[in-house]
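Working through the structure, step by step
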Amino acid sequence: MTNETIEKSGPIVIVGAGQAGFSVCAKLRDLGHIGPITLVGNEPQPPYQRPPLSKGYLLGDITEERLFLRPPAFYDQRAIELRLGAQVEEIDRQRQSVLLSDGSVLPYSHLVLATGSRPRVLSRDQGGHLEGVYYVRSIADTKKMAREFKAGRQVLVVGGGYIGLEAAAVSSKLGLRVTLIESAPRILQRVASVQTASFFRQLHRNHGVEICEGVELAMLTGPGGRVTQAHMKDGRTFDVDFVVVGIGIHPNVELAQAAGLEIDNGIRVDVQCRTSDPTILAAGDCASFPWKGQRIRLESVGNAIDQGEAVAKTIMLASESYAAKPWFWSDQFDIKLQIVGLAVGHDSAVIRKLSENALSIWHYRGDELLAVDAINQPAVFMASKRLIEAGKSPAAEVVTDLDVDLKSLLHS
Ligand SMILES: Cc1cc2nc3c(=O)[nH]c(=O)nc-3n(C[C@H](O)[C@H](O)[C@H](O)COP(=O)(O)OP(=O)(O)OC[C@H]3O[C@@H](n4cnc5c(N)ncnc54)[C@H](O)[C@@H]3O)c2cc1C
């Protein structure tokens, strides 16, 4: 068999039926792969979108079926075998096969790791085991937690990142009393600039959410095994009905690590998404990759889709290097935040302001435009995305001039 025959017809196994795993198998069929494709996922549902789990689905606005990326019939039509509720336990690199929790063995010509990530949890010493303490990663998590969201109850949100803030916004909309604590000096410390954080702090306070920054949880307690109080390291104690924890994630690297693949803040891949074993590739939250002279790992839908497609191209020998184009969004109250680029390392920021709730924040390092946070400004988001992807850096005084049509800057 030639290399090309293997690429077009060899069996492909994808571990993880999430956003990235779905993207790989859909793209493989689009590119003409005719061999067996098996998508193995340890959750019971077919691949689904996670963002609504802390937004519309938690609010009760969206049904479970609407979360599915495709209806179940899609997989039959495309001859993609879905093995749901199945865990891949082990990779045998010598034999090129994986072992599933039900004892079955699947051979592969290429293996794709799209194992995603899992929430960081509070330790037992911190009361993380108590009933009434929730994390948001899966449909099952949100279903379990949603029962607690009743008007008038007191929720403590631990963590002022996007997931914590979104859970706080939903809680407030549903009439709960909400306190959010963040151990860093400010909310969104790791993921957004001071200006964006200030906007969201004020937004939450306007809706009655109590935001406490620089406040660290000591422990949760509950005499009957269910959480009733939260104790802070500064000595304060809050009464709580339940707790939502959003303190970051861990990439799921253990399967790769046990197989001897290189790990570096995620499963280490090259620009073509290959791990240190060229027959094994990785994509999505679990993979770290080279980007502009550094190694990064992105936790976003856009990256999971694009990197999944890049994996399929590599397998089908249709490969270009994966050039990540980071973008992200968050919905809180009636605000849509859309971000393009990575603001990390910016040394200045300017604001293009249409009104109190419609503005964009442009982040620069020197003269280079790094990232734009667009708040209720979808057209600005689209224009700035095209500018950043084209490598254009319009001057700060130009982008803050509301008379300037941002689209025209693409051609200047
Ligand atoms: C509540 C929430 C809100 C979010 N909001 C946004 C947003 O607004 N915008 C945005 O861009 N991103 C958002 N994200 C992030 C985004 O959803 C993730 O970046 C994306 O889902 C990553 O896709 P993935 O396929 O890499 O991982 P996942 O979607 O996590 O899928 C990985 C799957 O693999 C399974 N798995 C792991 N190991 C095994 C194994 N050994 N065997 C079988 N199965 C296995 C996991 O259980 C999981 O089902 C949000 C995430 C969450 C949790």
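Our structure's up above, just so we're on the same page.
Report on the accompanying structure. Sequence order as written defines residue numbering, which begins from 1 separately in each chain. The model is predicted, so local features are restricted to residues of pLDDT at least 70 and side-chain atom pairs to those at 80 or more, both for listing and for counting; the totals for chains, interfaces and linings are taken over all residues. By convention in this description, side-chain values take in all heavy atoms of the structure and omit both hydrogens and water.

Quick look at the site of the ligand
As a matter of local geometry, the ligand sits amid 31 residues, with Asn42, Glu43, Lys55, Arg137 and Asp285 nearest to it. In the environment of the ligand, an oxygen atom lies 2.5 Å from a nitrogen or oxygen atom belonging to the side chain of glutamate 43. Polar contact is defined as a pair of N or O atoms within 3.5 Å, subject to the rule that within protein one atom must be able to donate a hydrogen and the other to accept it, and that residues adjacent in sequence are counted only when both atoms are side-chain atoms. The contact in question runs from a nitrogen atom of the ligand to an N or O atom on the side chain of glutamine 87, over 3.3 Å. Residue assignment for the shell around the ligand shows that the elements contributing at least two residues are helix 2 (19-30), strand 2 (37-41), helix 9 (301-315) and strand 22 (327-332). Ten residue types, Ala, Val, Leu, Ile, Met, Phe, Trp, Tyr, Cys and Pro, are classed as nonpolar, four, Asp, Glu, Lys and Arg, as charged, and the remainder, Gly among them, as polar. Its residues assigned to classes, the shell around the ligand shows 13 nonpolar, 12 polar and 6 charged. Each domain's extent is set by a domain assignment, obtained either automatically or from a database. Two domains share the shell around the ligand, each providing at least three of its residues, namely domain 1 (3-118 + 250-315) and domain 2 (121-247). Here a residue counts as near a molecule or strand whenever at least one of its heavy atoms sits within 4 Å of it. Counting from the N terminus, the helices are DSSP H or I runs at least four residues long and the strands are E runs at least two residues long.

Considerations on helix 5 (residues 139-146)
For each residue, the accessible area found with a 1.4 Å probe, counting protein chains only, is set against the maximum for its type, and the residue is called buried under 20%, exposed over 50%, and partly exposed in between. All of the buried residues in helix 5 are Ile139, Asp141, Thr142 and Met145. With its buried residues spanning 160° around the axis, helix 5 presents them on a single face. Should any heavy atoms of two residues lie within 4.5 Å, those residues are counted as being in contact. On the buried face of helix 5, the contacting elements are helix 3 (56-59), strand 9 (133-135) and strand 16 (242-245). It is the directions from the helix axis to the C-beta atoms that the arc portrays.

Some remarks on helix 7 (residues 194-206)
Since the α-helix packs 3.6 residues into each turn, any two residues three or four apart lie on the same face. An ideal rise of 1.5 Å per residue puts 18 Å on 13 residues; helix 7 measures up with 18 Å between its terminal C-alpha atoms. For helix 7, the full list of buried residues reads Thr196, Ala197, Phe199, Phe200, Arg201, Leu203 and His204. The elements touched by buried residues of helix 7 are helix 6 (162-173), strand 12 (210-213), strand 22, strand 23 (335-341), strand 25 (358-365) and strand 26 (368-375). Looking at the residues trailing helix 7, positive phi occurs at glycine 208, about 85°. Helices are assigned an expected span. That span is 1.5 Å times one less than the residue count.

Description of the environment of asparagine 376
On the secondary structure map, asparagine 376 appears in the loop between strand 26 and helix 10 (378-389). Separated by 17 residues in the primary sequence, asparagine 376 and serine 393 have C-alpha atoms spaced 22 Å apart. Beyond its immediate stretch of four places on either side in the chain, asparagine 376 contacts Asp334, Ile335, Lys336, Asn357 and Ala358. Of the polar contacts made by the side chain of asparagine 376, one reaches the backbone oxygen of aspartate 334; its length is 3.4 Å. There is a polar contact of 3.2 Å between the side chain of asparagine 376 and the backbone oxygen of asparagine 357.

Describing the sheet that holds strand 26
The pairing criterion is simple: DSSP has to find at least two bridges between the two strands. On the basis of which strands lie adjacent, the open sheet formed by 5 strands has the order 22-23-26-25-24 and antiparallel pairing. For this open sheet the edge positions go to strand 22 and strand 24 (348-355), each flanked by a neighbour on one side alone. Within the sheet, the average angular offset between the axes of one strand and its neighbour, ignoring direction, is 15°. Inspection of the sheet shows strand 22 paired to strand 23 by 6 bridges, in the antiparallel sense. What sits directly across from aspartate 331, in strand 23, is lysine 336. Its contacts with the sheet place helix 10 against strand 22, strand 23, strand 24, strand 25 and strand 26, and it is angled at close to 5° to strand 23. Comment: axis = line fitted to C-alpha atoms, over the contacting stretch for helices; angle = value between 0 and 180 degrees taken between N-to-C directions.

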